[in-house]
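Chains, contacts and geometry: an overview
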Amino acid sequence: MPEDDEREEIARHLVRIDELESLRALAQEAVDEGGLPGAVRPGEADEGGHPNGQLRLDRQRRMSESGRTASIANVCSCFVRGSSGQMLKASLSGQVRQTSLPKWKPLLPLFEAVMNALQATQDGARSEPVIRIDIVRDDRALLTEETPPITGFRITDYGIGLNDDNFDSFNTAFSEHKLARGGKGLGRFIWLKAFESVSIRSRFNEGDDQGTLERSFVFDGDYDPELGVPVPAREVGTGTVIELRNFREPYKSECPKTAEQICLRLVEHFLLVFLQPACPKIEVIDQGIRTIANDVFANEFRSSSTTHEFEINGKPFKVHGFKLTSPRASRHRLLYAAHDRGVITENLEDYIPNLSGRLIDESGDSFVYLAVIQGSYLNQRVNNARTDFDISSGEDADADQASLFGEEIKRSEIREHSLSHVRSDLSDAIQSINSAKLEKILKYVSDEAPQYRILIRYADEFIDRISPTATRLDIDAALHRELHLREVKLKQDGSRIIKEAEKVDDYEGYHRRLADFMDRYNELGVSALAQYVAHRKIILDFLARAISKIQEKDQYPLERVVHQLIFPMGRTSGDVMHYQQNLWIVDERLTYHSFVASDKQFRSLDQFDSTSSKRPDLFIFDQKVAFTEGEQPINSLVVVEFKRPMRDDYSATENPLSQTFEMIEEIRSGHFRDQQGRPVSVSSNRIPATCYVVCDLTPSLETVLMDIEGAEKTPDGQGYYGFHRRRGVYYEVIDYNKLLRDAQRRNKAFIEKLNLI
C-alpha cells in the first residue's frame, strides 16, 4: 500500500483523541518521515495484545533504533488527521487549567491518588494489602511551629504497579481503562491543579521473562512519556509510590492541619470502601505518629451504621447512616457519593432545623449524624472532576420542564427520600429536642403571647421547623408565620365551602365540613382578640411609667410622652396605622373616627380650610353614616389637650379648658374638605363638640374649674365633667390616675381571662 494511503487508513481509525495522549512525538515523525512507526492496522494486535484501533509505543525499541527521545514538551494527546489533513492537539497545561477543583476540596487530589492505590491493590496479589499515606510537612518550620504547614503527601501501595496497560491509560486523557470502576481518566490533572509536580515510582511485572520492571518519572508541566521507559527493578515485589509535591494556594491554606482531621476526612470520603470486607489496611503517618484509618472507621462509624434502600422512577438508591462521636465532627451532613467516593455534601440543618447542634444518644454520648447516599443513577451523573452531579436541583426555574432524555430524577427528590430515613434513624433524639422546644413555646405563649395559644394543639405539625436554639424573637416569628399560613388556608377553605354550598348533595357531610371550618375560624378570631388585648396591656404598662416621677431627675415627664403614646405627634389618621394609635385610652368611642390630626396647625391640614396657626394636641371630627344618597355631613368634633403631669400654675385666663373652647370656635368657623378636596357640609352652625383635658388635678386647676360653667366633680373625685351651654361644648377634665385606672378597669376582664396579669 502506498505510504499516503497507509497514513489515511490509520487516521480513519484514530477517532478517539483522548486515547492518543502519548503520541505527539510519533505524530511529528509521521509528518516528517512519511510513516507511522509502531502503528497497528485494523484486525491486528500489537505484541502486548492490545485491541485494534489502539497505538502502543515500544519505547525501548525506538530509543535503541533512533538514539533520541522525542519530548512532547507540555503537549499530550496527539492527533487525528481528517479529510482536511489538519491535526488536533490537546495541551496538558490547558487541560489542567480547565479542570475544576474548588478550593474547599483541597484533599481531592490525595483522595484520587488513594483510589488509584486501592484499585492497584485490588488487582495485586498481596494477601494482606496495606496502603500507607505519609503527610509531608515543611522541614524549615519544624523547629518553630508545633504543626508545620503541609507541603505534600506520599502514597505507597503494594499493588499491581504501573504496567504497560496502566501506563498507556495514564498517558491517555479521558481514558476508559477504569471506566467500569467509575474512573474518569482525569485524576492526574487534579494532582497538577493543586500541586506543582508529582513524583511516581512503580514496580510491576508484565508476565514475560523480563522479571520485575520499574519506571520512575516526574509528572509536571514538562512531562515527557519517554521518561517512563521501564528498566529492570533493583527490588522485588510490585507497588507504587506517588508523591504529591509543593502544595499550591489556595488549596494549601484550605487543607486541614492535623493528621486526625485528614484521617477523618479520608474515612468520610471512602466510607463505602471501608464498609467492604476486603478493604485494605490504610495507614496515615504524620511526624512519626501512625493512625490506622480502619480503626477510626470501626470506632466512630461502623458501630452505629444503618442502611436503608429506596427507589425513584425504578432507580435504586441506598442511604447509609452513621453517628459520629468524634469531637472534631461538628455538623450533621448529607453526603452524595459516586463509585464509592464522596462527591458533594449538604448541611442537614438546612432541611431539618432540629439538627443545629450535636445530639445525645441513649447512652448519653453526643454525636453528629452523617448520611451517605449512593446509587447507579449518581454513578452515571457524576461529572468528570468528581465535584458535582449533572442533576437538576429541583429548585431551578426550569426544573419542571420536560427532559429530552427521559424522566429526570431531581436532587430534591433524592434528598426528600433520604431525609425520611434520616428522621427515622434520629427519631428518639428529635423527639427529645421537640419536647424541650415545646416547653419553651408553652412558656412564651403563656407569659407573653396568648394570641398563639390556639396553635399549641397543632404544634406537632410545625415544631420541626423551629430551631432548638431559637430565641424569643425567633419563636414569635415562627408562630406568627404559622398563624398567617393558617389564616390564608382558612380563607381558601372558606371560599371552597361557599362554592360547595351551591351544589351540595351530601348535606350531612357538608354540615360537618362547615362545622369544622367554623371551629377553626373561631380559633383564629380568639387569637386576634388575644393579640389585641395583649397589646393593650403593654400600652397601659407604658402609660403607668409615662405618668410616674423620674426619680433620677426628681420631676415628671413632659405631656408629649403621653401624647405620643395615645397618638403619634405631627401625624394624621391618613398616615398612621390603626395599631399605632391608642385613642381608646381616653374614650373607646374615639377609635371610630373620620379624621384625626395630632399636633398639627389648622392651616396645614388639607381636610380643614383655615388660616389659623393654632395647634390642638388632638383634633378629631366624624361624619354621620347616612343610608341616603348625597353627602355625609360633619356631625361631631373632638379636641383633646394634654398637660404636663403635676403642673400647678393655671389661672382664669391661662388654663386648658379656655384653650380648647377657643380652638372649637376656630374649628366651627372653618370649612371642611373630604379626601378628594371637595367641600363637606356641617350638620349645623354649632356642631356638637366634646373636649377632653388630660392632666393632673392640682390646686390651681381646681380653683379655675370652680368658675367654669356647668363643671361638676366626678363621684370618684378624680375629674370634672360638664356642659358649657353658651359655647355648646361638652367637656371632661381627666386626672392621669383616673385615665390609667379607668382604662385598666375596662380591659381587666379580658386581661385576666388571658392570664396576662
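Residues numbered from 1 in each chain as written. Predicted model: local features only at pLDDT ≥ 70, side-chain atom pairs only at ≥ 80, totals over all residues. Heavy atoms only, no water.

As for the overall build of the protein
Helix and strand counts for the protein stand at 21 helices and 26 strands. Within the protein, the proportion of its 757 residues that are buried is 47%. Counting contacts in the protein only where the partners sit at least 6 residues apart, residues at least 24 apart contribute 65% of the total. For the protein, the accessible area works out to roughly 39100 Å², and carbon and sulfur atoms hold 48% of it. (Helix = DSSP H or I, 4+ residues; strand = E, 2+ residues; numbered from the N terminus. Buried < 20%, exposed > 50% of the residue type's maximum accessible area, 1.4 Å probe, protein only. Contact = heavy atoms within 4.5 Å. Areas by Shrake-Rupley, 256 points an atom, 1.4 Å probe, with all protein chains shown as cover.)

Overview of the confidence of the model for the protein
Here the protein averages 77 in pLDDT, while 73% of its residues score no lower than 70. Low pLDDT, under 50, characterises residues 6-89; the stretch is placed with 144 contacts to residues that sit more than four places away or in other chains. For residues 623-631, every residue scores under 50 in pLDDT, and the model assigns this stretch eleven contacts once sequence neighbours within four places are set aside. (pLDDT = per-residue confidence, 0-100.)

Focus: the packing of helix α5 (residues 108-123) against helix α7 (residues 187-194)
The contact between α5 and α7 brings their axes to 8 Å, and the two run at 145°. As α5 packs across α7, the resulting crossing turns out to be left-handed. Facing Leu108, Pro109, Glu112, Ala113 and Asn116 of α5, the residues of α7 in contact are Gly187, Ile190, Trp191 and Ala194. Residues that form the contact of α5 with α7 fall into these classes: six nonpolar, two polar and one charged. (Axes fitted to C-alpha atoms, helices over the stretch in contact; angles between N-to-C directions. Left-handed = near helix turned anticlockwise from the far one by under 90°. Nonpolar A, V, L, I, M, F, W, Y, C, P; charged D, E, K, R; others polar.)

A few points about helix α13 (residues 411-425)
If you check α13, its first and last C-alpha atoms are 21 Å apart, about what 15 residues at 1.5 Å a residue would give, namely 21 Å. Within α13, the full set of buried residues consists of Arg411, Ser412, Ile414, Arg415, Ser418, Leu419, His421, Val422 and Asp425. (Expected span 1.5 Å × (residues − 1).)

What about helix α11 (residues 293-300)?
Taken as a whole, α11 has its buried residues at Ala293, Asn294, Val296, Phe297 and Glu300. Projection of α11 onto a plane perpendicular to its axis shows the buried side chains occupying an angular sector of 160°, all on one side. Contact partners of the buried residues in α11: α9 (259-269), α10 (271-274), β9 (281-286), β10 (289-292) and β12 (315-324). (Arc of directions from axis to C-beta.)

A short note on the packing of aromatic side chains
With the rule as written, the count across this model stands at 19 aromatic pairs. Note on phenylalanine 111 and phenylalanine 270: the rings are 5.9 Å apart at their centroids and 80° apart in plane angle, and the pair reads as edge-to-face. In this pair, phenylalanine 111 sits in helix α5 while phenylalanine 270 sits in the loop between α9 and α10, placing the two residues 159 residues apart along the sequence. Phenylalanine 270 carries the same exposure label as phenylalanine 111, and that label is buried. Ring centres of phenylalanine 153 and phenylalanine 247 lie 6.1 Å apart, and the angle between their planes is 80°; this geometry places the pair in the edge-to-face category. Taken together, the residues span a long stretch of sequence, with phenylalanine 153 in strand β4 (residues 150-157) and phenylalanine 247 in strand β8 (residues 239-247) at a distance of 94 residues. Assigned by exposure class, phenylalanine 153 and phenylalanine 247 land together as buried. Here the aromatic cluster, defined as three or more aromatic residues joined through ring pairs, consists of Phe167, Phe170, Phe217, Phe219 and Tyr223. (Phe/Tyr/Trp six-rings, centres within 6.5 Å; stacked < 30°, edge-to-face > 60°.)

Describing the pattern of salt bridges
Tallying each qualifying case throughout the model produces 29 salt bridges. When the shortest N-O distance is used, the salt bridge between glutamate 235 and arginine 203 registers 3.9 Å. Separated by 32 residues along the polypeptide, glutamate 235 in the loop between β7 (231-232) and β8 and arginine 203 in strand β5 (residues 195-205) bring together distant segments of the chain. The exposed category is assigned to glutamate 235, whose relative accessible area is 51%. According to the relative accessible area criterion, arginine 203 is buried, its value standing at 16%. The shortest N-O distance in the salt bridge between glutamate 588 and arginine 536 comes to 2.8 Å. Note that glutamate 588 is positioned in the loop between α18 (559-566) and β17 (595-598) and arginine 536 in helix α17 (residues 507-546), a separation of 52 residues in sequence. Its relative accessible area of 8% is what places arginine 536 among the buried residues. (Salt bridge = Lys/Arg side-chain N within 4 Å of Asp/Glu carboxyl O.)

Digging into the packing of α5 against α9
In contact at an axis separation of 11 Å, α5 and α9 are set at 60° when each is read in the N-to-C sense. Looking at the two axes, α5 sits oblique to α9. Between α5 and α9 the crossing geometry is right-handed. Facing α5, whose interface residues are Leu108, Leu110, Phe111 and Val114, α9 presents Ile262, Arg265, Leu266 and His269. (Parallel < 35°, antiparallel > 145°, perpendicular 65-115°, else oblique.)

Overview of the side chain of asparagine 747
Summarising the element assignment, asparagine 747 is placed in helix α21 (residues 736-753). For asparagine 747, a relative accessible area of 4% gives the class buried. A polar contact of 2.9 Å, which involves the side chain of asparagine 747, links it to the side chain of arginine 536. Within the structure, the side chain of asparagine 747 is placed 2.8 Å from the backbone oxygen of alanine 743, a separation counted as a polar contact. Setting aside residues no more than four positions away along its own chain, asparagine 747 makes contact with Arg536, Leu540 and Trp584. (Polar contact = N/O pair within 3.5 Å; in protein donor to acceptor, adjacent residues only side chain to side chain.)

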